[in-house]
Amino acid sequence: MIAAIKIAAMASQARLNPPSDVWGDDNSNSKGEIIFAGTSIMAFNYPKGYPRFMTYNSMSFVASLGIIFLLISGLPMKRRIFMWLLMMAMWITITFIALTYLTSLQAVYPFHELGPITRVVEISVMVWLVLIGIVILGHTVHFFQWCVRKVRKLRKKNPSSLT
């Protein structure tokens, strides 16, 4: 619960104060467009990455709120399905907060040195996705084994009910 609350707070703060900060005063850019105070500087300096940053940040925020909701809902956490849902929500939350961090890292890194950091980010994402894939595969296999055991147990109790 503490981790979910902390991630929700981080995501909320990142939305209010994005990397590179926000414009303090109304300005105009080189194209003559008006930039209003409170607008993200990252949105202008890193226009391809800003929507990704906001998407990842929003996903981590919503997933962490989902975790908090599951924990305070009063659902019986002794049931495997609820623990599995909670675990999946935590994986989603951690994945998206990591993607938020990596995107913000690219946004604030100097443009002339962006090549090496982009490579580091790509490798980090690939390693993370492989790790998550292995864990999800392991849990999926375990879940199917559990389902097969349950079905076999039901068939032994009442063979005519499943045909």
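Overview of the structure. Since the structure is predicted, the reported quantities are computational estimates derived from the model, not experimental observations. (Residues numbered from 1 in each chain as written. Predicted model: local features only at pLDDT ≥ 70, side-chain atom pairs only at ≥ 80, totals over all residues. Heavy atoms only, no water.)

## Some thoughts on the side chain of Thr103
For Thr103, the position within the fold is in helix H4 (residues 80-108). Setting aside residues no more than four positions away along its own chain, Thr103 makes contact with Met42, Tyr46, Gly49, Arg52, Phe53 and Tyr56. (Helix = DSSP H or I, 4+ residues; strand = E, 2+ residues; numbered from the N terminus. Contact = heavy atoms within 4.5 Å.)

## Some points on the side chain of Thr95
Along the chain, Thr95 falls in helix H4. With relative accessibility at 12%, the residue Thr95 sits in the buried group. Only 2.9 Å separates the side chain of Thr95 from the side chain of Trp128, close enough to count as a polar contact. Aside from chain neighbours lying at most four places away, what touches Thr95 is Trp128 and Ile132. (Buried < 20%, exposed > 50% of the residue type's maximum accessible area, 1.4 Å probe, protein only. Polar contact = N/O pair within 3.5 Å; in protein donor to acceptor, adjacent residues only side chain to side chain.)

## Some words on the packing of helix H1 (residues 2-16) against H4
For the pair H1 and H4, the least separation of the axes is 11 Å and the interaxial angle reads 35°. Once H1 is placed against H4, the crossing between them reads as left-handed. On the side of H1, the interface is formed by Ala3, Ala4, Ile7 and Met10, while H4 contributes Met90, Thr93, Ile94 and Ile97. Counted by class, the contact of H1 with H4 contains seven nonpolar, one polar and no charged residues. (Axes fitted to C-alpha atoms, helices over the stretch in contact; angles between N-to-C directions. Left-handed = near helix turned anticlockwise from the far one by under 90°. Nonpolar A, V, L, I, M, F, W, Y, C, P; charged D, E, K, R; others polar.)

Shape descriptors only; they carry no functional weight alone.
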